[in-house]
Structure formats: C-alpha cells, structure tokens
Amino acid sequence: MSFGETPITVIGNLTADPELKFTDGGAALAKFTIASTPRVFDREKNQWADGTSTFFRCAAWRQLAEHIAESLTKGSRVVASGRIRQHNWQTPEGENRSMLALEIDEIGASLRFTTITVNARTTTKNGASAGADAWTANSEYSEKPPF
C-alpha cells in the first residue's frame, strides 16, 4: 500500500458468485460485490433488525482473483481488506461518470457464524501453485445471526 491511499476493511456477504475474467495479457481479474448490513436494535419493537445495506463493488487481481473465484460463492460471509479506488470514464454520449470501488488486497471467510476447513496449498521453488486452495464451509447456523 502506498502513502496517501485509503485503506478499508469490509465485513459482509457476497451478493453473487465472483466473476473471473482474464486480460489480454493473461492477468486474472475477479469482480464481485460485498453487501455490508449492520444489525441495529429497534427499541420500540425491542428486537434486532437489519439496518441499511451498503454495497461495495470489488476487484482482485492475479492469483488472489483465481483463489476468490475457486473458493467463494454467493452468500459467502467475508472479511475483506483493500484500497478505495476511483474510476472515471466518459459515456458514448460524452457524459462524465465516476464510481468508487474496493481493490482487494486480502480476503477470507468470516468465522462468526460458521466454521471452515482450509486446504493447504503448497508452492514450488518458483512460487507456482502445486495444489488446490479452497474453503469448505461447515455452517452450524442459519443465514441470519442468531439474535
């Protein structure tokens, strides 16, 4: 991470399976969205409820992108860390547009409501992968927090 970049950590659920693409140069790119929904206590109803969701469009590159595509699916609860990036472009009609996205540096499954088994990945001397790297969810809880 460079000086002046804006780091951020997001905890939430993937809204769809990650989309894996490759650039013309062969670099892997995974695109996905994380929905982060706070739990808030409604004093009038005396119960917990979902707050307003914030949706973070995310991108990850190279080997991390491939691991994400192989390991995570829609609904996966994750803890993701990265940097906010602003993307600017112009529409065919000449209108200027911009959006913020999260460029992922690290991501992992959240263990708050589930357990996982990590399949170790070995590497060769040149750093190439010699095995699979996958998350296996063993959920003991429902999709919603137990409160």
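Refer to the preceding data block for the structure.
## Some thoughts on the pairing of strand β2 (residues 19-22)
Here is step 1 of the chain: As paired strands, β2 and strand β3 (residues 28-36) are joined by 4 bridges and run antiparallel to one another. Bridge pairing in β3 places Leu20 opposite Ala30.
Here is step 2 of the chain: Counting the residues between successive antiparallel strands, the hairpin from β2 to β3 contains 5 residues, one of them, Gly26, with a positive phi of roughly 95°.

## Notes on the nonpolar core
Here is step 1 of the chain: One finds Phe32, Ile34, Ile104 and Ile107 to be the most contacted residues of the largest nonpolar core, which totals 16 residues.
Here is step 2 of the chain: Of all elements in the fold, only β1 (7-14), β3, β6 (54-61), α1 (62-71), β7 (77-90) and β8 (96-109) reach the threshold of two or more residues within this core.
Here is step 3 of the chain: Counting residues per element, this core draws most heavily on β3, at 4 residues.
Here is step 4 of the chain: In contact with Ile104, other than residues within four places in its own chain, are Phe32, Cys58, Ala59, Ala60, Leu64, Ala80, Ser81 and Gly82.

## Points about the environment of Thr73
Here is step 1 of the chain: Along the chain, Thr73 falls in the loop between α1 and β7.
Here is step 2 of the chain: When the C-alpha positions of Thr73 and Asn13 are compared, they lie 9.3 Å apart, and in sequence the two are 60 residues distant.
Here is step 3 of the chain: Excluding anything up to four places from it in sequence, Thr73 contacts Leu14, Ala16, Asp17 and Pro18.

## A few points about the packing of aromatic side chains
Here is step 1 of the chain: Counted according to the given criterion, the structure contains 1 aromatic pair.
Here is step 2 of the chain: Between Phe41 and Trp48, the aromatic rings sit 5.4 Å apart at their centres with planes inclined by 70°, giving edge-to-face as the arrangement.
Here is step 3 of the chain: Look at Phe41 and you get partly exposed, because its relative accessible area is 37%.
Here is step 4 of the chain: When its relative accessible area of 40% is taken as the criterion, Trp48 is described as partly exposed.

## Some thoughts on the pattern of salt bridges
Here is step 1 of the chain: Tallied over the entire structure, the rule returns 6 salt bridges.
Here is step 2 of the chain: Two residues, Asp50 and Arg39, come together in a salt bridge whose shortest N-O distance is 2.9 Å. Of the two residues, Asp50 sits in strand β5 (residues 47-50) while Arg39 sits in strand β4 (residues 39-42), which places them 11 residues apart along the sequence.
Here is step 3 of the chain: The partly exposed category is assigned to Asp50, whose relative accessible area is 39%.
Here is step 4 of the chain: As a salt-bridge pair, Glu103 and Arg83 come within 3.3 Å of each other at their nearest N and O atoms. You can see Glu103 sitting in strand β8 and its partner Arg83 sitting in strand β7, a full 20 residues away along the chain.
Here is step 5 of the chain: Connected through shared salt-bridge partners, Arg83, Arg85, Glu103 and Asp105 make up one network.

Rules behind the numbers
- Residues numbered from 1 in each chain as written.
- Predicted model: local features only at pLDDT ≥ 70, side-chain atom pairs only at ≥ 80, totals over all residues.
- Heavy atoms only, no water.
- Pairing = 2+ DSSP bridges.
- Helix = DSSP H or I, 4+ residues; strand = E, 2+ residues; numbered from the N terminus.
- Core = buried A, V, L, I, M, F, W, Y, C linked by side-chain atoms within 4.5 Å.
- Buried < 20%, exposed > 50% of the residue type's maximum accessible area, 1.4 Å probe, protein only.
- Contact = heavy atoms within 4.5 Å.
- Phe/Tyr/Trp six-rings, centres within 6.5 Å; stacked < 30°, edge-to-face > 60°.
- Salt bridge = Lys/Arg side-chain N within 4 Å of Asp/Glu carboxyl O.

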